[in-house]
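Breakdown of the fold
Next come the chains, spelled out residue by residue.
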Amino acid sequence: MEEETETRVFLSNEQHQEEEEEEPSLPRSMVISLYLGYFLARWGARTWEFSVALYMIYLWPNSLFLTAMYGVVESGSATLFGPIVGQMIDGMSYVKVLRLWLVTQNLSFIVAGGAVVALLVVPDLKSQNFPVFATLVVLTNLSGAIGVLSTLAGTVLIERDWVVVMSEGHSPAVLTRMNSVIRGIDLSSKLLSPVITGLIISFVSLRASAITFAAWATITVWIEYWLFISVYNGVPAIVQSDERRSLRSSQSQAEETDSASSFYVPLLHEEESYRNTQSRSRILRILERISESSFVSAWRNYLNQEIVLPGVSLALLFFTVLSFGTLMTATLEWKGIPTYIIGIGRGISAGVGLAATVLYPLMQSRISPLRTGVWSFWSQWTCLLVCVGSIWVEKEKIASYMLMAGVAASRLGLWMFDLAVIQQMQDLVPESDRCVVGGVQNSLQSALDLMANLLGIIVSNPKDFWMLTLISFATVSLAGILYTIHLYRIRKHLFHLEKIPLLNNFFAS
C-alpha cells in the first residue's frame, strides 16, 4: 500500500514538473518594467496621501475639519465615479486607459502641489484674504481628488486585469507571486515615502516637501508611460486581451443598436403601442432610466458575484481611523508627536505589511485563500485591541505610541486579508466583469472611507479621537463577522475540531 502511494506521488510530481516545463515563461524584462512603472506611480500617490494631512492640520491648527473635508471630497468622488471609471476602462483600449490614467493623475498632483505651495508662501493668508485662501483649499481638494480618482483607474488596470492576463497559462503560484510583489511594491512606497517626506518636512520645510512632490509628478509621468507601453508591446497576452475587449465592446454596441431598432420600429407603425408608451408616468420613465444607467448596472453586476460578502468585508475596513491615514496622522501631529516619528511609524507599519506579502503565499498554498482570509482577519482584530486599550491610558505620549504600535502590528493580518480577498476576486470573477467589479469594489471602499471622514467632520476635536477609535473597532468587528459567515456558507464549518489533539480522542470514540 505504501509503495502504491509513493508511486502515485512520484508520478504526480513528475507530471507536475512536465506541466511546468511546458508553461511559457514570462519575459523577465517586461515583468520588471511592470513592477518599476507601478512603483513610480504608487510612490506619488502614497506621498500625497501622507502629506495632505500635514498640510491641512498646518493650515487650520487645533481642528480636524480641513483634513476630514479633504477626505470627504476625495472619498466622495471615488464613491460616485468609481463604478463609472470601471466601465470606462472596460470600454477603452489599454493604451487610452494608460494615457488617461497617467496624464490625469500626474497633472492633478502638479496642480495640487502648486496650490499647497501658494498656501504656504503666505502663512497668514486665511486671516489676510480668506476668499483666496478658500479658493486655493478648494483647488487643492479637487485636484487631489481627481488625482486619486485617476489612480483608481491605474489600480484596476494593473492589479485586477494585467496581472491576471499575464499569469494566464501558468500555475496558480505565478498569480499569487505577482499579487504579492504588486502589494509589496505598494507597501514599500507606503513605507519609504512618508519617512522621506517626514524628514524633508522636519528638517527643511513643508513648502519644500510640496515643491518636491510637484517636481516628482512632472518628471515621472514620462518614465511611467514608457515603461507601461513597453509591457503592453512586449507581452502578447496583453495585446490579445485588448483585442478581445475591443471585440466585446463592438458587439455590445451592435446589440444596443439592434435593440434600439427593434424598439423604435413598432413605435412608428403601431399607433396603439405608441400611445401606451406615451401614457407612462414621468416617474416610471425616470426610474427606468436610472435602472438602465451604467452606475446601477455596474452595482447589479457586483451584487450578483459570488465574492460579494468578502468584498463588503474588505470595504468595511475602510470605515476606520485606525490606520496611518489623514485623520490619525493629523491627530498624532496635534498631540505633539514629531513629524519624522510619525513618518517612521508609518514606515514600520508598511514594513509589517511587507511581511504579509511573504507570509501570504506560504499560507494560501497550504490552507487556501478562503481560510487564509479568516485567520489573517482575526489576527488583525486581536492587534487592534491594543488601540482600544490606549483610550484608558492617562499619559498622552504613551497612549499615542500604543495607538501607533497596535495599528502597525495589525497590518500583517490586514494585508494578508487584502491579498486573500483580491485573489478570490481574480479567481471567481469572469474576465468580462473584472474591470466593472474592480471599479465598484473601489467605489464601495471609498464610500466607507467617506463615512469615516464625515465622522471626522462631526467629531472634529482631536481630544475626542477615542470616539472614532471605538466606532472603527466596531466596524472592523462587523467585517470579520460577515467574512466568517461567508466562510461557513461555503465550507459548512469553521474549524476542523477533530484535528485538535485534545478533541481527537473524543471524535475517535
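Residues numbered from 1 in each chain as written. Predicted model: local features only at pLDDT ≥ 70, side-chain atom pairs only at ≥ 80, totals over all residues. Heavy atoms only, no water.

Negative phi values dominate among residues other than glycine, just as trans dominates among peptide bonds. One non-glycine residue, Ser368, lies in the positive phi region at around 75°. Within the secondary structure, Ser368 sits in helix α15 (residues 339-389). Judged by its relative accessible area of 25%, Ser368 falls in the partly exposed class. (Helix = DSSP H or I, 4+ residues; strand = E, 2+ residues; numbered from the N terminus. Buried < 20%, exposed > 50% of the residue type's maximum accessible area, 1.4 Å probe, protein only.)

This part covers the UniProt feature "transmembrane region" (unreviewed entry) in the protein chain. UniProt records the feature "transmembrane region" (unreviewed entry) for residues 97-121, 133-158, 222-239, 307-328, 340-362, 374-392 and 465-485 in the present numbering. Between the end C-alpha atoms of residues 222-239 the distance is 21 Å, and the span holds 94% helix and 0% strand. (UniProt positions renumbered as here; feature names shortened; annotations may be inferred.)

The terminal C-alpha atoms of α15 lie 24 Å apart, and with 51 residues this falls more than 12% below the ideal 75 Å at 1.5 Å per residue. The largest bend along α15 reaches roughly 115° and is located at Ser368, with the proline Pro369 sitting one to four residues downstream. (Expected span 1.5 Å × (residues − 1). Bend = angle between axes of the 7 residues up to and from the residue.)

What follows deals with the nonpolar core. By size, the foremost hydrophobic cluster in this structure holds 81 residues, and its most contacted members are Trp48, Leu317, Met328 and Leu332. Here the element with the most residues in this core is helix α16 (residues 396-428); it accounts for 11 residues. Lining this core are residues from two domains, each supplying at least three of them: domain 1 (28-250) and domain 2 (304-495). In terms of nonpolar packing, the next biggest core, distinct from the first, is built from 39 residues, Tyr38, Ala78, Tyr94 and Tyr232 among them. (Core = buried A, V, L, I, M, F, W, Y, C linked by side-chain atoms within 4.5 Å. Domains from an automatic or database assignment.)

Relative orientation of the contacting elements helix α6 (residues 130-167) and helix α8 (residues 206-234) amounts to 35°, with a least axis distance of 12 Å. Relative to α8, α6 is oriented so that their crossing is left-handed. Across the interface between the two elements, Ile158, Trp162 and Met166 of α6 pack against Phe228, Val231 and Tyr232 of α8. Looking at the contact of α6 with α8 residue by residue, the classes come out as 6 nonpolar, no polar and no charged. (Axes fitted to C-alpha atoms, helices over the stretch in contact; angles between N-to-C directions. Left-handed = near helix turned anticlockwise from the far one by under 90°. Contact = heavy atoms within 4.5 Å. Nonpolar A, V, L, I, M, F, W, Y, C, P; charged D, E, K, R; others polar.)

Attention now goes to the pattern of salt bridges. For the coordinates displayed, the defined rule picks out 8 salt bridges. Here Glu49 ties to Arg46 by a salt bridge, and the two come within 2.9 Å at their closest N and O atoms. Here Glu49 pairs with Arg46, and both are found in helix α2 (residues 28-59), just 3 residues apart, close to one helical turn. Ionic pairing is found between Asp186 and Arg183, a salt bridge with its closest N-O pair at 3.2 Å. Taken as a pair, Asp186 and Arg183 lie in helix α7 (residues 172-203) at a separation of 3 residues, close to a single helical turn. The exposure class assigned to Asp186 is buried, which follows from its relative accessible area of 2%. (Salt bridge = Lys/Arg side-chain N within 4 Å of Asp/Glu carboxyl O.)

In this fold, Thr484 is placed in helix α18 (residues 465-491). Judged by relative accessible area, which is 16%, Thr484 ranks as buried. A distance of 2.7 Å separates the side chain of Thr484 from the backbone oxygen of Gly480, its partner in a polar contact. (Polar contact = N/O pair within 3.5 Å; in protein donor to acceptor, adjacent residues only side chain to side chain.)

Moving on, we come to the packing of aromatic side chains. Enumeration over the complete set of coordinates arrives at 20 aromatic pairs. Three or more aromatic residues link up through ring pairs in this structure, and these residues are Phe377, Trp378, Trp381, Phe417, Phe473 and Tyr483. Sitting over the ring of Trp60, Lys126 keeps its end group 4.2 Å from the ring centre. (Phe/Tyr/Trp six-rings, centres within 6.5 Å; stacked < 30°, edge-to-face > 60°. Lys NZ or Arg CZ within 6 Å of the ring centre and 35° of its normal.)

A few words now on the confidence of the model for the protein chain. Predicted coordinates in areas of low pLDDT are best not read in detail. Within the protein chain, residue pLDDT values average 80, and 83% of them lie at 70 or more. When the elements of the protein chain are averaged for pLDDT, helix α1 (residues 2-22) gives the smallest value, 42, and α18 the largest, 92. Low pLDDT (under 50) marks residues 1-23, which in the prediction has 3 contacts with non-local residues, meaning those over four places away or in another chain. Note that residues 262-271 has pLDDT below 50 and, in this model, 4 contacts with residues that lie over four places away or in other chains. (pLDDT = per-residue confidence, 0-100.)

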